[in-house]
Each structure stands twice: as C-alpha cells, then as structure tokens.
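# Chain and residue survey
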Amino acid sequence: MPVLSVEGVGKTYTRGEAPVVAVREVDLFLGKGEFVALTGPSGCGKSTLLHLCGGMDYPTRGRIWLDGSDLGSLDEASLTRIRRRRIGFVFQSFNLLPTLTAVENTALPLMLDGVSPDVARRKATGLLERLGLLHRLDHYPQQLSGGEMQRVGIARAVCHDPLLLLADEPTGNLDSANGADVLELLQELNRSLGVTVLLATHSAEMAAAGQRVLHMVDGGIESETHSRRPIARPDRDNEGG
Amino acid sequence: MFLFRTFILRRIREEKLRALATVLGVALGIAVVLAVRMANQSSVRSFETALEMVAGKTSLEIVGSGSGLREERLLELDWLEQFGQISPVIEGEARASFPSGDREWLKILGVDILRDETFRDYRLVRFAGRQQSPSPREFLELLSDPGAIVLTQKLARRHSLDPGSGLDLDIGDRREALTVRGLLLDRGPARALNGTFALMDIAAAQWLLGRLGRIDRVDLRLKPEISIDRAEAAIAARLPEGLTVQRPSRRGRQVEKMLESFHFNLTALSHIALLVGLFLIYNTVSLSVVTRRREVGILRAVGGSRRQVAGLFLAEAGLLAALGCALGVLLGGWMARGALRLTGSTLDRLYIRSAAEPVALGPEHLVLAFAVGIPLALLAALVPALEASRVAPTEAVRGADRVESRFRLSWRQRWLPPILSTLAVGFACLDSVEGIPLFGYAACLSTVFAVAFLVPVVLHFSGRAGSRLTRRWTGVEALLANANLSGSIPRISISVAALAVSLSMVTAITIMIGSFRETVQYWVEQTLRADLFVAPATRSNVYSESSLSPEVVRVVADNPRVAAVDPFTGFVIDYQGRRVLLGSGDFKVHLDRSGLLIKAPRQGQSAMRTAIGEDAAVVSESFALRHRKAVGDRLVLNTDRGRRGFRVAAVYYDYSSDQGVVVLDRSTFRKYYGDRPPRSLAVYLKDGLDPEGVRAEILAALPLESRVFVHTNASLKAEVLRIFDNTFTITYALEIIAVAVAILGVATTLVTLILDRKPELALLRWAGAEQRQIRKMVIIEAALLGAVSQGLGVVAGILLSLILVFVINVQSFGWTIQFHLPAGFLLQSSLLILLATALSGIYPAYRAGRMPPAREA
Ligand SMILES: Nc1ncnc2c1ncn2[C@@H]1O[C@H](COP(=O)(O)OP(=O)(O)O)[C@@H](O)[C@H]1O
Ligand SMILES: [Mg+2]
C-alpha cells in the first residue's frame, strides 16, 4: 500500500479577478521509503502540490490519501494532528522560529504533540548531534549560518519520525557546497530512517538524486523518469533482518 | 507552557520596553479606577461611620420640619418614654483655631449628659487633673460651665492640648473662647471623624451655636422587647404636626443619594483611562500577531493547533494584564490620596464636609482590580488572538510581500460606523434611569466605537492626500514617512484609534467644561447684581448652617449708604429622601434689583410677583428636573404648622446646587417656619457709591469678635469662578492620564513597526540614507499619527460634547448649559498633542537610526 496516493488532484486559486489553476489533474503514488524528486520550471505548481500533500491546504478537486486518511475530508484539527505526527516539511527559507534555539526548534513538533520537553529535547539533541550541530544546540537561528539553519530545519522535519518528508527547494537559499550537503543529508535520512521523501526542485541536477523524477509543467505531471538507485530500507530493518 | 516560555516570554524579554509600556498603561487605568472608587467610598463611608458612631445605640430619631424643633415641643413628647429612653440632641460645626495656628473643623454634639450616657459610649480619660473616670454627676458638673468643652484624646494629642487649655472656636460669624475640660478616650463617638469631635452640655451648645431654645432632634433608644418597625409606625401615628420619626441611617442614605450623580460621573470618567489601557492590551497583542504572522504560520505548519495559537496570545495578554493589575493596585492606593484631595474641596464646597482619610486598600480592591482587569484584558485580546489562530500554515512559506494585504474596506469598517452612529442618536434621545444617565453614556460609547472603526478609512484617505502633498512640497523623509504609514494601515489603526478616542474624550470634556464655565459666568453676571455680599466666615457650602448674628445685620442695615438689603435664609430639608435647600429671600427687593434668570414661565417677573404673600414657591431648575415639577404644580413641604402645599410659581436657573433649591418669599417663610437668622445678605448701595469704601466702613463698624466675609460684587464673582475651576481639577487630571496612556500606545506601536521593518530600514541605509534622515523620518511618522488622531479626536469630541452638554449633564445634575466652542483652546491643545506625539517618536527614532545597513543587497 502506498504511503501517499494522489488521485486526480487539482487546485485553483480564486483570489483576485481571474482564477489561477496552480495544479491540474495530478495522480501520484509514493511507496514506503521512496525518494522522489518533483521538478519543473518556477511557477509550475510544485510548491502548491507539496502543500496539498502536506495537509497545509485543501485541494479543489480529487483525493489525497496519506496513511489511510483522506486529507481533503478531514477537518482543520485532524489535519493539524496529521501534520504534527506524519509529515515533515523542509522549507526553502528555513522558517525557523527566531525566538527558539536550534534544539527547541527541532523538538517543536514533538512538544506540540504533548511529548514531555525532556524527552523531546533528548531526541532533538541526538538528532542534531548526528547532523553535526552539537555545538549549536542553544544557538538562536540568527546566530547560525544558512547551511546550519537548513540542517536544523531538516532535523525538525524528521524529529517526530514522520512517514513523509516534503522538501520544497531546500537548497534554494544555499550556496552549492551547502546545497550538496543538504541533499546528501536528505538521502542519508531516507536510507537510515526509511522515511519517504518528496523533493521539489527546479534544478535538474538536484532532481537526479531521486529514484523517480516527476516532471511538472503548467500544473500537471508531464512525464516520469527512473534512476537505478534502490529503494531505501531503514538501517534498523537491515540490522533486524 | 514550553511554547509560552519560548514564544511569548522570550519575545517579551526582547521587547521589554513595549511590555513595560503595556503593563504601565493597564496599571494606570486600574489605578485611576481604584483611586476614584476609594475616594468616593471614603466620602460616603466616613460620613456614614461618623453617623453610626455618633448615633450609638439610638434606634429612632424625631426630627422637626427643617433645622430642628423648638425646645417646648419636648413637653408634647413625654409619652415617648413608654417606648424607651429619649435624649434631646443638638449638633453643630465650628472651626477651631489651635495655639499652633492650625485650624480644623469640629463636629460639636450637645447632649444632656445624664440622659445621654446610655446612648453613647463616652469614656473620659483625663479631666481636672485626675486619671480615672468621673461619675455621671461629676461629668455633669464638669460640663455645666457654659465655656466648657470636651475634646477627644486624639485631637488633643495632635495639637498638644491639655485639660485647662483654652480653645478659640469660630461659629457662624463669631469667635468664642472655650476651655478644654476633659479628654475622651478613643471609643464610641470619639472615634468618628478622625477625632474632630467635641462634646458639650446641651444648654451650652445651644448658646454657642446661637440656637437658644432649639434642638436638632430627639434620639430614642427602644426597650429591647419592642420591635423597631412597630415602634416606628406607632410613633409616626401619634406625633404632632410638623414632627417626623425616622431611622438615623436615613441621613446617611440622603448623603449617598446626594453624591450619587457626582460619584457616578467621576467613576465613568475614571473608566476612560481603563478603556485606553485595554486598548493598549489589544494594541500590543494585535501587533504581536501582525508582526509574527509568519512565525504563527510556521507553528501551524509544524502542527500547532488553532487553540494552541490563540491560547498563546491570550496568555500573553493575561500575563501583561496581571502584572498591570498588580502594579495598578499599588499605584491606586497611592493615587487615592490625591483623588480624595482633589474631590474633597469640591465636596466641601458643593455638598458636605468630607473625610480627610481615604479608605484603606483592602482585599475588596484587590479583587476588584483583578476581576475587572484580567477578564477585560482577555476580552480585548480575544479578537487578535482569534485572528492569529486563523493564520494558515501556508503563510509560513509565502513571501513577505503577501503578508501585508493591500487596504480593503472590511464589512466592519463599512457597516459599523453608520450603525453605531444611529444607535448613538437613539440612545441620546432616551431618558435617564433613576437619575443616572445610563443611555447617555451608551450613546457616548457608541460614538467612540464608531470613531474607532472609522480609523482605517480615515488613515487610508489621509495617506492618499499625504502622498500627493509630500511628493510636491516636502523632503524625502516626510515622503517616506507617509508611505510607511500608508503601507501599514492595519498595524497602526488600533493605536491611532486608541489615541483618537482618548483625545476625543478630552476634547469633549474640555468643550463641556468650557461651555459650563461660559454659562456660569453669564449666570453670575445676570444674577449677582448686589454691590456687597455679607456672609459668616465659617460658611463653606450652601448646606452649611452658619448664620449671621443680629448685631451684624444691624450694622449693615443701619449704614446710611445702603439702599436695600435682601437677607437670604434657609436650611436643608429632607424632600422625598433628598437634601434640598429651603430658602427665603425678599422677593420684592429681588424683583426690583436682582436679575434672577427665570426659565419658566415666560413672564417670569410677574409670576414671581404673584408668589409674594402666597403659598407659592420659586424652585431651581435642578429641583424641577429631579422632582419633575413644572410651573403650576404643587409641592408639599413639612412646615412648623404641619404639611402644607405650595404652588410652583416659577423655575429659575441656578448653578449653586445640583440637589435643588426651593425659595419662599420672606413673609411666607416666616409664616411657616418662624424667624430665622439670615445666612447671607445681598446689599444694594445708593447710586454711584464706591463699594470698596462702604465695605471698609461696614467692616470697621462690626463688633471686634465678628468673623464675617464682606465680598464686593467683583470679588464674589471671581470667587465663584475660582470654585468652579477648582471643581474640575480632577477631571483634567483623569484626562491627562488617559492621554498619557494613549501616547504610550503610539510609542510602542512605532517601536514595533520599526523592529518589523528592519530589512527595509537596512536597505534604506544601504541605499545611502543617513542616520539623521532615518530618525527624522520616524519622528515625522509619530507626528503624522498624532495629527490624524487629534483631527479625528476633535471631530468626535465635538459630537461627544453635544451628548455631554445636552443629555448627560441635564440628566445627572439638572443644569442647562449653553453650548460654546472654545476654539482657541482646542487649537492650543492640538498643537500640544502634536508636540507630545512627535516627542514620543524620539526613542523609536533612536532605535531605527541605530540599525546597521544591510550587508547584502
Ligand atoms: N496563494 C496563492 N494565491 C494565488 N495564486 C497562487 C498562490 N500560490 C501559488 N499561486 C500561483 O500558483 C502557481 C503555482 O505556484 P507554485 O506552486 O508556487 O509554483 P512553484 O513552486 O512550482 O514555483 C503560480 O502561478 C502562482 O502564482
Ligand atoms: Mg515553489
């Protein structure tokens, strides 16, 4: 059973005079542990599609199933719960809360979900250590470099062991060296945690990292290419089996 | 809790100043409300506790028609003994001069000590050099000396007096020398009035107070087995004409009623500052939400629920309000003293001698502060908090340019102002509720909210006008300032509304007071026509019992330069539970010489002439309005000859008392109340004489111990206006606090706007703006905010003043005021406000100027 099924989903914005069709008739299935890249020119609807998959917005057409729930049919509160437990989101502009330290930003989804601050903090610390940020735990975002901020952003996105990690141009605000690091990190997390990743990027180079690459044009998925990279199995499972 | 700590507390710590300003704003609001409440409570409570303490075990009292009853009537009352013990009492006031030069008012109680001992708890601590309590007989001997007076230990200690010390008392227009014969222990009646209580023998007191043969009332202490209700009914049925039985507390309720309007209006006024303080909470939370939309979006994107988001902002409001309330309680306790001093002189002048001590800060006030402050603060924060909870998760990723929505009229701005204005007009047309102008205040509130909702529209259009102006006429700083403000209308609207609202109230009250002053001035001009006015020096208000002695009247009347004398006499009566001044004057002299302003009927002079020698009265406007009497109606008064009806011959304008005055012609008055010494004389001189000269002559001819004020026409007019101005000091004080709180709001808004605009400011600096230019820009922004607020405030203030003058004043005080626009004053205050808001921009300007230029473009 796929982690995420998108069936005939469309999104039309009606703000302003003329309606804008941002996404039209998209079908998309993501299996567990897949790393899929979504690519296309700026404005083709990648972000919109990601928002829909992440339960941040409602589609105007079609259905989105995540882990057995139809996102479009859920109310705001249930959607919030799903976001908090099943989804991780990495933003282009990092979107760290300026008043929270690195470790607090990371632990935020856990704490919002009622995990005790101690436990959440321990988990976040472990994660940041793995990401090489141990010396930055108690720094505020404005004290971090762009690469560091994005790594904290990624840590926050996976801290609560989500099923699905959505990354929208995660390297867009970074120089190429830092960008490469971030991409590697995402691949590493995909391998080690077995989290399904959907990465949106306008760069073909980045997109090549995906096992599957979906090409979007004008709000629709035009074509799909496959690479030979194997689908990730979590390390744990490997060790266990 | 974690979120609250990180999301709210850290932010507060970062913006200490804004938090501090908000807390201070709430604190001032709460403090003002508490202070006024405490001052009001002290004036009523001190009277009531004094009443209770002096009443002792008295259960009922028998009173006469006006001030007291003739002593002989006691003989008709011996049957009262079957209900319990009785004790005749006389009360009076005198101003004591102590050897140190200090002066204090004393309440003098004259009793028959043998009869009175069981009523009141007197304990002499020291008398005639002995240290133990005297027997009643010794007590009586001690008091039988007509020059003997017993003071309280507290007072004696305050002025280092001992038994045997001499004491000068000013009573009416005389000075008398008495000897302190004993000191009362601090209990029973001696606890009343902070010790300013004196005990005398009844006969000596009658002589001292110039009321030989008269007593004030007869106190009755019922036998324990008789129920008070039954006794009251039985006694009322048997009392002879002209006498009434009542409970001592009735006098307390009378005072409470008398002060009701005065207190209500003060309370309403004090709530303006609180309202502005709450606006500040609304302002702070709104700004917090508006400037942190992106952060809220992130919170929502990573799984924060709506409830959590709303809760966060409510918690912020709750925290600030709690701190504000706590500080407000402390401030309030401290400000109560000031409020009491400011209201005290007004109370003395217009109503009753008031307490010197404010009531202590008690748990009641603590509870009041928190129970009012916190729920209202949460309510004020609810709107922005809910708005925050509606922020969509996608707002986290949208560009900053999409956060600030372009200006559009919302349904609230479109529909609420007309609806609220209509409501205001409707409310203004409704009558008062039991003498309290509730609907008048509702009309004011509707107007205020209409103005508040109109603010964004006004900002929008003034911004457009501003951009046209600045593009052509001013420097780059003004242009930028105007553009900045136009670009952040949603953020500044609230602060501008708060400032505009408080300014509108200040404007309204200024116009009201200005109109009132103008009216009083005209009234004084018209009414005070006499050349000289003679009154006892101890006369402090219209209810004071001080009167002139016959020698003084004779000196004045015998002066050959005097053409006519209009003696005014009167006393306070209980008219349907309210204190009303029943007066008498010489209508003929009045008609010939004075210019009493008659409101109704149109032929006032001739109507008044018909009242001479008739059972007819002329009543003041406030009496007519309060008791709903019109010309031709009958009013029933308790006279020495029993209850009598009087025709209302005319209604005249009067601003000396809001409780009402009923005036009878001399002959009518004498017929029903006997001869009473005059309380003041209006003296008309023969043509062309210098009043100063005659005044000097009269003063020289008076007996040496006389204590009399002789005012010339000009000096009395000046005195009236001085008292008038004095009365409104507290009003101005409360207003200034409200404006100060609002200006605090503008300053905090500016600081927030600047923090929020960091990137743009950095860009400006990068593009070559000097620090000086940035600072100038911010100060111009502040002044622009002030200008728009004051403009709106003046317009709204004029509307509010119409409600104050034509609805609230008439309903609560019964005074007609002629509307008058003090244009010069408004212009002055506008300039002042502009200056003050510009000054409030200094700190934000400094903050803005300090920002470093952007490192990358
Ligand atoms: N909130 C919105 N309101 C109106 N139009 C929007 C909104 N968000 C995105 N769009 C429009 O939808 C289209 C797709 O945008 P987006 O999903 O951001 O594309 P991409 O991420 O591929 O650059 C664009 O034309 C964009 O202008
Ligand atoms: Mg995008």
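Residues numbered from 1 in each chain as written. Chains lettered and ligands numbered in written order. Predicted model: local features only at pLDDT ≥ 70, side-chain atom pairs only at ≥ 80, totals over all residues. Heavy atoms only, no water.

## What about the overall build of chain B?
Rule in force here: Numbering of helices and strands starts at the N terminus; helices are DSSP runs of H or I of at least 4 residues and strands are runs of E of at least 2. Contacts were defined at the residue level, with two residues in contact if any of their heavy atoms lie within 4.5 Å. What sets the accessible areas is the Shrake-Rupley method with a 1.4 Å probe; for residues, cover comes only from the shown protein chains. A positive count includes Lys and Arg, and a negative count includes Asp and Glu. His and the chain ends are not counted in either. In plain terms, the charge of a residue is placed at NZ if it is Lys, CZ if Arg, CG if Asp and CD if Glu.
Regarding its fold elements, chain B presents 28 helices and 22 strands. C-alpha atoms of chain B, sized along the principal axes, occupy 100 × 65 × 50 Å. By sequence separation, contacts in chain B at least 24 residues apart represent 83% of the contacts at least 6 residues apart. Split by element, the accessible area of chain B, about 35900 Å² in all, is 59% carbon and sulfur. In chain B, 101 side chains carry a positive charge and 80 a negative one; their mean positions are 10 Å apart.

## Topic: the pairing of strand S3 (residues 35-39) of chain A
Strand residues, when the strand is regular, have side chains that alternate between the two faces of the sheet. Residue and element names in this part refer to chain A. Put simply, the rule reads: Between buried and exposed lies partly exposed: a residue is buried under 20% and exposed over 50% of the maximum accessible area for its type, with that area taken using a 1.4 Å probe on protein chains only. At least two bridges found by DSSP between two strands are what make those strands a pair.
Across the 5 residues of S3, 5 count as buried, placing the element largely inside the fold. Burial of the side chains of S3 extends over both faces: Phe35, Ala37 and Thr39 are buried on one face and Val36 and Leu38 on the other. Pairing between S3 and strand S8 (residues 196-201): 5 bridges, direction parallel. Counterpart to Thr39 in the pairing with S8 is Thr201. Bridge count for S3 against strand S9 (residues 212-217) is 4 bridges, and the pairing is parallel. Within S9, the residue paired with Leu38 across the bridge is Leu214.

## A look at the domain arrangement of chain B
Where interface size is quoted, it is often the accessible area lost as the parts come together. Residues and elements named next belong to chain B. Put simply, the test is: Where a domain begins and ends is set by an automatic assignment or by a domain database. Summed over both partners, the accessible surface that disappears when two parts come together, traced with a 1.4 Å probe, is what is meant by buried area. Two N or O atoms count as a polar contact when they lie within 3.5 Å, although within protein this holds only if one can serve as hydrogen donor and the other as acceptor, and sequence-adjacent residues are included solely when both atoms are side-chain atoms.
Along its sequence, chain B is organised into domain 1 (1-54 + 259-403), domain 2 (59-247), domain 3 (455-527 + 714-797 + 814-857) and domain 4 (538-706). One C-alpha centre belongs to domain 1, the other to domain 2, and the line joining them spans 48 Å. In this assembly, domain 1 packs against domain 2 so that about 750 Å² is buried in total across both faces, 66% of it on carbon and sulfur atoms. Across the domain 1-domain 2 interface, the total number found is 0 residue pairs in polar contact (both at pLDDT 80 or more).

## Observations regarding the interface of chain A and chain B
Short version of the rule: A side-chain nitrogen of Lys or Arg and a carboxyl oxygen of Asp or Glu constitute a salt bridge if their distance falls within 4 Å. Asp, Glu, Lys and Arg are counted as charged, while Ala, Val, Leu, Ile, Met, Phe, Trp, Tyr, Cys and Pro are counted as nonpolar; the rest, among them Gly, fall into the polar class.
In this assembly, 24 residues from chain A lie in contact with 24 residues from chain B. Taking both partners together, chain A and chain B bury about 2200 Å²; carbon and sulfur atoms supply 62% of that area. On inspection of chain A and its partner chain B, the count reaches 0 salt bridges. At the boundary of chain A with chain B, the tally comes to 6 residue pairs in polar contact (both at pLDDT 80 or more). Mapped by element, the contributors of at least two residues to the side of chain A that touches chain B are helix H2 (76-86) and helix H3 (102-112) of chain A. Ranked by residue count, the leading element in the side of chain A that touches chain B is H3(A), at 5 residues. Of the residues contributing to the side of chain A that touches chain B, the split by class is 11 nonpolar, 6 polar and 7 charged.

## Describing the sheet that holds strand S7 (residues 164-168) of chain A
All names here are of chain A. Rule in force here: A fitted line through C-alpha atoms represents every axis, and for helices the fit uses only the stretch in contact; the resulting angles, taken between N-to-C directions, go from 0 to 180 degrees.
Sheet architecture is open: 6 strands sit in the order S6-S7-S8-S3-S9-S10, paired in mixed fashion. The open sheet has two edge strands with one neighbour each: strand S6 (87-90) and strand S10 (220-226). Between one strand axis and the next, the sheet turns by 20° as a mean value, whatever way the strands run. Sheet analysis places S9 next to S10, joined by 6 bridges and oriented antiparallel. The residue bridging Met216 from the neighbouring strand is Ile221, located in S10. Taken strand by strand, H2 contacts S6 and S7, and its axis lies near 75° from that of S6.

## Focus: the side chain of Asp665(B)
Residue and element names in this part refer to chain B. Following the sequence through the fold, Asp665 ends up in strand S20 (residues 661-665). Buried within the structure, Asp665 lacks any salt-bridge partner; Arg666 is the closest side chain of opposite charge, at an N-O distance of 6.9 Å. Polar contacts involving the side chain of Asp665 include one to the main-chain amide nitrogen of Phe587, which spans 2.9 Å. Excluding its chain neighbours within four sequence positions, the residues that come into contact with Asp665 are Gly585, Asp586, Phe587, Ala611, Ile612 and Gly613.

## Comments concerning the sheet that holds strand S1 (residues 4-13) of chain A
Residues and elements named next belong to chain A. With antiparallel pairing, 4 strands are arranged side by side in an open sheet as S2-S1-S4-S5. On the outer flanks of this sheet lie strand S2 (20-30) and strand S5 (69-70), each paired with one strand and no other. Sheet topology places S1 next to strand S4 (residues 61-66); 5 bridges connect them, and they run antiparallel. In the strand pairing of S4, Gly10 is matched with Arg61. Helix H1 (residues 46-53) contacts S1, S2 and S4 of the sheet and is inclined by roughly 125° relative to S1.

## Some details on the pattern of salt bridges
Residue and element names in this part refer to chain B. Tallying each qualifying case throughout the model produces 41 salt bridges over all chains. A salt bridge links Arg561 to Glu697, with the nearest nitrogen and oxygen atoms 2.9 Å apart. Taken as a pair, Arg561 in the loop between helix H17 (550-558) and strand S14 (562-575) and Glu697 in helix H22 (residues 691-701) lie far apart in primary sequence, 136 residues in all. Under the relative-accessibility criterion, Arg561 is labelled partly exposed at 34%. Through salt bridges with shared partners, one network takes in Glu61, Glu91, Lys107, Arg217 and Asp219.

## Digging into unusual backbone geometry
Residues and elements named next belong to chain A. The backbone of Glu25 shows a phi angle near 45°, a positive value even though the residue is not glycine. Structurally, Glu25 is set in strand S2. Phi is positive for Asp161, which is not a glycine, with a value near 50°. Mapped onto the elements, Asp161 comes out in the loop between helix H5 (146-158) and S7.

## Side note on the side chain of Gln790(B)
Counting through the fold element by element, Gln790(B) comes out in helix H26 (residues 771-813). The residues touching Gln790(B), leaving out its near neighbours within four places in the chain, are Leu503(B), Leu826(B), Ser829(B), Ser830(B) and Ile833(B).

## Regarding the environment of Lys46(A)
All names here are of chain A. Here Lys46 is to be found in helix H1. The exposure class assigned to Lys46 is buried, which follows from its relative accessible area of 4%. When neighbours within four sequence positions are excluded, Lys46 is seen to be in contact with Leu38, Thr39, Gly40, Pro41, Glu169, Ala200, Thr201, His202 and Met216. Engagement of the side chain of Lys46 in a polar contact is seen with the backbone oxygen of Gly40, the distance being 3.0 Å. Of note is the side chain of Lys46, whose polar atom sits 3.2 Å from the backbone oxygen of Pro41.

## A short note on the nonpolar core
Nonpolar side chains in soluble globular proteins tend to end up buried together. Applied cut-off: By convention a nonpolar core is built from buried Ala, Val, Leu, Ile, Met, Phe, Trp, Tyr and Cys residues, the set being connected through side-chain atoms within 4.5 Å.
Counting residues in hydrophobic clusters, the biggest one holds 93 residues, and the most contacted among them are Phe516(B) and Val520(B). Take this core: its biggest share by element is 19 residues, from helix H16 (residues 489-527) of chain B.

## Comments concerning the packing of helix H8 (residues 249-291) of chain B against H16(B)
Two measures define how a pair of helices packs: the angle their axes make with one another and the distance between the axes. All names here are of chain B. Inclusion rule: Oblique is the label for any angle not covered by the other classes, which are roughly parallel (under 35 degrees), roughly antiparallel (over 145) and roughly perpendicular (65 to 115).
At a minimum axis distance of 8 Å, the contact between H8 and H16 shows a crossing angle of 170°. The orientation of H8 with respect to H16, classified from their angle, is roughly antiparallel. When H8 is examined against H16, the residues Leu269, Ile272, Leu275, Val276, Phe279, Tyr282, Asn283, Ser286, Leu287, Val290 and Thr291 are found in contact with a partner set consisting of Arg491, Ile494, Ser495, Ala498, Val501, Ser502, Met505 and Ile509. Considering only residue class, the contact of H8 with H16 consists of 13 nonpolar, 5 polar and 1 charged.

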